[in-house]
Structure formats: structure tokens, C-alpha cells
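Okay, here's what each chain looks like letter by letter:
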Amino acid sequence: MTITRITHQPAGSDFRSLFERSAVGRGFLLTVEDRLGIEHLLRYRGTRNSPNPALLNGLLRHKLRISRGTPEPASPDLVVAGCHVTYMISGEGARSGVLSMNPTPVPGHILVASLLGATLIGMRKLQKVPLLRDDGQIEVVVVLDVHPSPDQAAA
């Protein structure tokens, strides 16, 4: 199924400046593996199944530009690919899932190849940032908790 409806940002909004202002002080941190995973998604069109690939690609490129590297091993409160993250969007209930670099939807996973996943990667526990929705609305997402996925914890 191909989604042809392209959603644009609301007129007069500058999502990048909102995103950068929220990153001041705490910022976004990417592991080498996460940076390579995002670059792979962009290079091999791993975002093509999203509702708005052009917007998602722009967000991922922007995330690569404004994020700093993090020492390895990553801090346990950092949202990285493969971790189990609990988050809340603009006062809705808490939700959770495993953050995944997989370009194909998997039940219980949050794809980095989605606006939500692209926003969450590199955030830390209790960090709040704007979240651009597929319909063009801008809400706020906050990371409530981060845990290694069951697969990582067993290793």
C-alpha cells in the first residue's frame, strides 16, 4: 500500500528552531551504532514506508547534525536502538515499546523510521521535546523511563 497524502508543517511554524531550543542544555546524544543506523536508513530508503518520507528524512538528517556523540557504553538513561522506552505524548497515557532500526513495522516496536522514533532516539530520561505528528500538529513527548530490551539484558 502506498500512502500518497503528503502532510506539510503548519504555515509559519519552524519545527527545527523548536527542536533545537529544546535540545539546548541537555541536547541529543547518539552512539556510533545509532548514527550508522540512521545513515543506513537514509541511504537505503528505509523511510519509504512512512506517511511522509521527505519530512522524516529531513528530521533524521537534522538529528544527525545537532546530536553529539556519547561515550561507550551509553548511559543507561539514554534512548538507543534496541532499548525499551516508556514515554508520554502531551498528557496522553504512558506508552512503551522497543526502539528499532528495522524499517518494517514489528508489533511492540517503535521504528526510528517514524516521526516518533526519530524524535525519541538520542533523548534521555525525563527529557521533553516537540514531536511533529503525521497530521502536522506539534505536541510534546517526554521520556519517562529507559531499560535495556529483554534480549540485551540477557546478554
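Since the model is a prediction, treat every value here as computed from it, not as a measurement. (Residues numbered from 1 in each chain as written. Predicted model: local features only at pLDDT ≥ 70, side-chain atom pairs only at ≥ 80, totals over all residues. Heavy atoms only, no water.)

(A) Examining the overall build of the protein chain more closely. A count of helices and strands for the protein chain gives five helices and seven strands. Written out in order from the N terminus, the α and β elements of the protein chain read α-β-α-α-β-β-β-β-α-β-β-α. Considering the protein chain as a whole, with its 155 residues, one finds that 43% of them fall into the buried category. Restricting the contact set of the protein chain to residue pairs at least 6 apart, pairs at least 24 apart contribute 62%. In the structure as shown, the protein chain presents an accessible area of about 8400 Å², 56% of it carried by carbon and sulfur atoms. (Helix = DSSP H or I, 4+ residues; strand = E, 2+ residues; numbered from the N terminus. Buried < 20%, exposed > 50% of the residue type's maximum accessible area, 1.4 Å probe, protein only. Contact = heavy atoms within 4.5 Å. Areas by Shrake-Rupley, 256 points an atom, 1.4 Å probe, with all protein chains shown as cover.)

(B) Just the packing of aromatic side chains, in detail. Summed over all chains, the structure comprises zero aromatic pairs. For the cation-ring pair, Lys63 lies above Phe28, with the distance from its terminal atom to the ring centre recorded as 4.3 Å. (Phe/Tyr/Trp six-rings, centres within 6.5 Å; stacked < 30°, edge-to-face > 60°. Lys NZ or Arg CZ within 6 Å of the ring centre and 35° of its normal.)

(C) Quick peek at unusual backbone geometry. Cis peptide bonds are those with omega within 30 degrees of zero, and the linkage from Glu72 to Pro73 qualifies with -5°. With respect to the secondary-structure elements, Pro73 resides in the loop between strand E2 (68–69) and strand E3 (83–89). Not every positive phi belongs to a glycine, and Leu126 is a case in point at roughly 70°.

(D) Here's a closer look at the sheet that holds strand E6 (residues 128–132). Strand order in the open sheet formed by five strands is E5-E4-E3-E7-E6, with mixed pairing between adjacent strands. Edge positions in the open sheet fall to strand E5 (109–111) and E6, since each of these has one partner strand only. Here the strands of the sheet are splayed against their neighbours by 50° on average, with no regard to which way each runs. In this structure, E3 lies alongside strand E4 (residues 95–100), joined through four bridges in antiparallel fashion. Looking across to E4, one finds that Val85 is bridged to Gly97. (Pairing = 2+ DSSP bridges. Axes fitted to C-alpha atoms, helices over the stretch in contact; angles between N-to-C directions.)

(E) How the structure looks around the packing of helix H2 (residues 32–43) against helix H3 (residues 53–66). Relative to each other, H2 and H3 sit at 150°, their axes nearing to 10 Å. The pairing of H2 with H3 is recorded here as roughly antiparallel in orientation. Regarding H2 and H3, the two cross each other, and that crossing is left-handed. Counted together, Arg35, Ile38, Glu39 and Leu42 of H2 and Asn57, Leu60, Arg61 and Leu64 of H3 form the full contact between these two elements. Here the residues of the contact of H2 with H3 sort into four nonpolar, one polar and three charged. (Parallel < 35°, antiparallel > 145°, perpendicular 65-115°, else oblique. Left-handed = near helix turned anticlockwise from the far one by under 90°. Nonpolar A, V, L, I, M, F, W, Y, C, P; charged D, E, K, R; others polar.)

(F) Quick look at H3. Over its 14 residues, H3 extends 20 Å from the first C-alpha to the last, a length consistent with the 20 Å expected when each residue adds 1.5 Å. Those residues of H3 lying buried are Leu55, Leu56, Asn57, Leu59, Leu60, His62, Lys63 and Leu64. (Expected span 1.5 Å × (residues − 1).)

(G) Highlighting the side chain of Asp34. Along the chain, the position of Asp34 falls in helix H2. Comment: no salt bridge for buried Asp34; closest opposite-charge side chain is Arg35, at 9.4 Å. Reaching out from Asp34, the side chain makes a polar contact with the backbone nitrogen of Ala81 at a distance of 3.3 Å. Each residue touching Asp34, except ones within four places of it in the same chain, is listed here: Val79, Val80, Ala81, Met101 and Ile121. (Lys, Arg positive; Asp, Glu negative; His and termini not counted. Salt bridge = Lys/Arg side-chain N within 4 Å of Asp/Glu carboxyl O. Polar contact = N/O pair within 3.5 Å; in protein donor to acceptor, adjacent residues only side chain to side chain.)

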